[in-house]
Amino acid sequence: MASEQQLQAVKNAKVLMVGAGGIGCELLKTLALSGFQDIHIIDMDTIEVSNLNRQFLFRQSHVGQSKAKVAREAVLRFKPHINITAHHANVKNPEFSVEFFKKFNVVLNGLDNLDARRHVNRLCLAAEVPIVESGTTGFLGQVTVHVKGKTECYECQPKPTPKTYPVCTITSTPSKFVHCIVWAKDLLFAKLFGDKNLENDLYVRSNDSSNSSEIVGDIFERREGEDSEKYGRRIYDHVFGHNIEAALANEDTWKNRNRPKPIYIDDVLPDKLVQQNGNLEKNSTVDDTLSVSAMTSLGLRNPQDVWSLVENTKVFLESLKLFLGKRGKEIGNLIFDKDDQLAVEFVTAAANIRAASFGIPMHSLFEAKGIAGNIIHAVATTNAVVAGLIVIEATKVLLNDVKNYRMTYCLEHPSRKMLLMPVEPFEPNKSCFVCSKTPLYLEVNTYHTKLRDFVEKIVKAKLGMNLPLIMNGSALIYEVGDDLDEAMVANYEANLEKVLADLPSPVTSGTRLTVEDLQQELSCEISIKQREDFDEEKEPDGMLLSGWIQAPQVEKDDEKPVVQGESTLVVSQLVPLESEGNGEIEIIPSGTKRKLSQTSSASTSNSCGTDGNGADKKLQVIDDDDEIVVLNDWNSETNKKKKVL
């Protein structure tokens, strides 16, 4: 039974929710039913069909509409007297400034990407507003409280980076099904149906110049008078047959690897079987282009069946035929979408045929979609449990009940007969450059590295600044903003192309740069140290940032999707909580403040290719703008969890 003090705190609170997806729907409902009277929601997304099985505030008729606005309307139908304000916008927009965040008593995060989480974390620190973070991944979930000066901030712990693979692994030497998916989605699908002007590394190159991409550069162009069946068979033979033959020509590549087997369509699907391949009429009544299906044409019903090589070949040809016949106007502008049935079918079939060639087990469409769309299939019950935990922690924050703040983990299997594991929050990390203002150190060759590389690879990619301002002493060498005049913009653009040592205010060994993001109200100092050489494989950026801790890249079993479809919280101590040694959980007295374990070391993926600038060429498995890897237990000995008595 809530006390009068709790009820009053809840009633008078002004709450900001960021995210109106899986967790957000449950959270908004729970906030309204718990007595909260003034709620703001920010979400830039619109409702998709794939949301409807778990985001219960939405219906079929809402597809394409704003999540924030529809969620507001749905809740007001059963709680009409509360105040809900919906913002269909990006939380990184200028109007959501520090001053905006200061209006709220607590911020509740249900975001689905690292960049936005970091941005909100920094705004909350600057505004001195507590934030309750949350995330779910299947049956796993977590809720954490971040209060400036009292607990760690969101960035005190290292966050894993999306797994990338060298282009040569994807194009020439795949060893896992995820490699085949990336090849089918990011190379083949993009080459056939996407922007023809974009660079694409689809071709396999051998030491024999006769197999160069210049010779076969027009292979993907449909010839005059060529029907879709012949076109599909020609593409099939090229990518699954001739390309494999070209790869095999380089004997050194296969000395310590299993040799792939070229697959030609006549060996799988002779001409006499072509007439049995599909029926376009079965799709003739489909109005929604995203619902056109090769499976429907071929009479394949169960997406969890693993198709044979013959079935995959038929799906490959049929899906290509349907794209050409039903969606020809879209070709040249298509981007893979996990909600596009035909695109998923094509990618599944292509990935499976390639997997068969390289001796990799084939997967069902259901599994392939999870990997291609970076999905761990969401569990609505987990979202509901996490939403309830968020409200519990938010109430503690409103009451300033610091000693009872808890990070709570939802477990898939009971541990000590517990499915919910509460632990005390960490103290702030004194080495965190975000909340503790610790100086950073950058080793770089100032005579070779351009300012553009520093801005893109360090300031934006690693430090997460969106609108950076860079100063060398009192000299401003770079700035971003809408209020800059043309002369200033031209001057900063010119600076970007200069090496650091040649800037108007030269950056050399011993220089101390000040880097700020005025929107986030974040500032940090970076000391420069000259270094001549870097390992191209281990240090592909040609720079090494110290004092900024990054977790190793994570590579999950490719039979399971590597990321989520919900708002997954990415922290280095998600679950399991048990240490690897004996499964025991350390116990500390309740109320004892824990100190942060020192975590370090980062791993980088191997590379075997470079682009024109000498940088490693890699394909990223994860689209960073809406998907994040979950790290379970790296360096588990230094990240033990302690159970609260």
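Residues numbered from 1 in each chain as written. Predicted model: local features only at pLDDT ≥ 70, side-chain atom pairs only at ≥ 80, totals over all residues. Heavy atoms only, no water.

Going by what an unreviewed UniProt entry lists, the chain is known as SUMO-activating enzyme subunit and is assigned to Protea cynaroides. The record in UniProt for the chain states the following under Sequence similarities (unreviewed entry): "Belongs to the ubiquitin-activating E1 family." Per its UniProt entry, the chain bears the Subcellular location (unreviewed entry) comment "Nucleus". (UniProt positions renumbered as here; feature names shortened; annotations may be inferred.)

Colleague: Help me understand the side chain of Thr-382, please; the structure alone is not making it clear to me.
Modeller: By the secondary structure assignment, Thr-382 is in helix H14 (residues 380-398). Within the local environment of Thr-382, its side chain forms a polar contact with the backbone oxygen of Gly-138, the two atoms lying 2.9 Å apart. Discounting chain neighbours no more than four positions away, the residues touching Thr-382 are Thr-136, Gly-138, Phe-139, Leu-140 and Gly-141. (Helix = DSSP H or I, 4+ residues; strand = E, 2+ residues; numbered from the N terminus. Polar contact = N/O pair within 3.5 Å; in protein donor to acceptor, adjacent residues only side chain to side chain. Contact = heavy atoms within 4.5 Å.)

Colleague: Can you walk me through the UniProt feature "active site" (unreviewed entry) in the chain in this structure?
Modeller: Summarizing the sequence annotation, UniProt attributes the feature "active site" (unreviewed entry) to Cys-168 in the numbering used throughout. Following the sequence through the fold, Cys-168 ends up in helix H6 (residues 167-171).

Colleague: When you look at empty space enclosed by the protein in this model, what are you seeing that I'm missing?
Modeller: Think of a ball as big as a water molecule: rolled over the atoms, this probe shows where empty space is left. For the coordinates displayed, the defined rule picks out five cavities of 30 Å³ or more. Empty space within the second largest cavity amounts to approximately 60 Å³. Around the second largest cavity sit Asn-121, Cys-124, Leu-125, Val-129, Ile-131, His-146, Val-147, Lys-148, Thr-151, Glu-152 and Cys-153, which together line it. At three residues, the largest contribution of residues to the lining of the second largest cavity is made by helix H5 (residues 114-127). Within the lining of the second largest cavity, the residues separate by chemical class into six nonpolar, three polar and two charged. (1 Å grid on protein atoms, 1.4 Å probe; cavity = no way out; pocket = protein on both sides within 12 Å on 5 of 7 lines; lining within 4 Å. Points joined across faces, edges and corners; volume = space filled by probe spheres on them. Nonpolar A, V, L, I, M, F, W, Y, C, P; charged D, E, K, R; others polar.)

Colleague: What is the right way to read helix H8 (residues 228-248) from this model?
Modeller: Over its 21 residues, H8 extends 29 Å from the first C-alpha to the last, a length consistent with the 30 Å expected when each residue adds 1.5 Å. Of all the bends found along H8, the most pronounced is centred on His-238 and spans about 35°. H8 sits mainly inside the fold: 18 of its 21 residues count as buried. Backbone nitrogen of Glu-229 and a side-chain oxygen of the N-cap are separated by 3.1 Å at the start of H8; the cap is Asp-227. (Expected span 1.5 Å × (residues − 1). Bend = angle between axes of the 7 residues up to and from the residue. Buried < 20%, exposed > 50% of the residue type's maximum accessible area, 1.4 Å probe, protein only.)

Colleague: Is there a simple way to explain the pairing of strand E5 (residues 131-137) in this structure?
Modeller: Side-chain positions along a regular strand alternate between the two faces of the sheet. Across the seven residues of E5, seven count as buried, placing the element largely inside the fold. Burial along E5 is two-sided: the residues Ile-131, Glu-133, Gly-135 and Thr-137 and Val-132, Ser-134 and Thr-136 are all buried. Bridge count for strand E4 (residues 106-109) against E5 is two bridges, and the pairing is parallel. Looking at E5, one finds that Leu-108 is bridged to Val-132. Once you follow E4 into H5 and on to E5, the crossover reads as right-handed. (Pairing = 2+ DSSP bridges. Right-handed = clockwise from strand over helix to strand, strands pointing away.)

Colleague: I keep staring at a nonpolar patch on the surface and nothing clicks. Help me out?
Modeller: Together, Val-385, Leu-419 and Leu-420 make up an exposed nonpolar region whose accessible area comes to about 220 Å². Summarising the element assignment, Val-385 is placed in helix H14. (Patch = residues over 30% accessible without salt bridge, like charges linked within 9 Å, V, L, I, M, F, W, Y side chains within 5 Å. Areas by Shrake-Rupley, 256 points an atom, 1.4 Å probe, with all protein chains shown as cover. Salt bridge = Lys/Arg side-chain N within 4 Å of Asp/Glu carboxyl O.)

Colleague: I would appreciate a short explanation of unusual backbone geometry in the present structure.
Modeller: What you tend to see is this: most non-glycine residues have negative phi, and most peptide bonds are trans. For Glu-128, which is not glycine, the phi dihedral falls at a positive 55°. The residue Glu-128 is located in the loop between H5 and E5 in this model. For Glu-128, a relative accessible area of 58% corresponds to the exposed category. Even without being a glycine, Asn-400 presents a positive backbone phi close to 55°. By the element assignment, Asn-400 lies in the loop between H14 and strand E8 (407-415).

Colleague: How do you make sense of the side chain of Glu-393 when you look at a structure like this?
Modeller: Within the secondary structure, Glu-393 is located in helix H14. Residue Glu-393 is classed as buried on the basis of its relative accessible area, which comes to 3%. Setting aside anything within four residues of it in sequence, one finds Glu-393 in contact with Val-132, Val-143, Val-145, Asn-404, Tyr-405, Arg-406 and Thr-408.

Colleague: What exactly am I supposed to notice about the nonpolar core here?
Modeller: Side chains of nonpolar character tend, in soluble globular proteins, to be buried together. Counting 58 residues, the largest nonpolar core has Phe-177, Trp-183, Leu-188, Phe-189, Phe-240, Phe-316 and Phe-346 as the members making the most contacts within it. Among the elements of the structure, helix H7 (177-193), H8, helix H9 (265-268), helix H10 (294-298), helix H11 (309-326), helix H12 (341-357) and helix H13 (365-372) are those that each provide at least two residues to this core. Here the element with the most residues in this core is H7; it accounts for twelve residues. When neighbours within four sequence positions are excluded, Phe-346 is seen to be in contact with Leu-188, Phe-189, Leu-192, Phe-193, Phe-316, Ser-319, Leu-320 and Phe-323. Within the second largest apolar cluster, 40 residues are counted, among which are Val-15, Ala-74, Ile-82 and Leu-108. (Core = buried A, V, L, I, M, F, W, Y, C linked by side-chain atoms within 4.5 Å.)

Colleague: Please clarify how the pattern of salt bridges should be interpreted in this entry.
Modeller: Pairing between side chains of opposite charge can happen when the charged atoms of each approach one another. Going through the model one piece at a time under the given rule, you end up with 23 salt bridges. Between Glu-251 and Arg-259 there is a salt bridge, with the nearest N and O atoms lying 3.2 Å from each other. Residue classification places Glu-251 among the partly exposed positions, given a relative accessible area of 48%. Between Glu-456 and Lys-460 there is a salt bridge, with the nearest N and O atoms lying 3.7 Å from each other. With Glu-456 and Lys-460 both in helix H15 (residues 451-460), this residue pair falls four residues apart, about one helical turn. Residues joined in a network through salt bridges with shared partners are Lys-450, Arg-452, Glu-493 and Glu-497.

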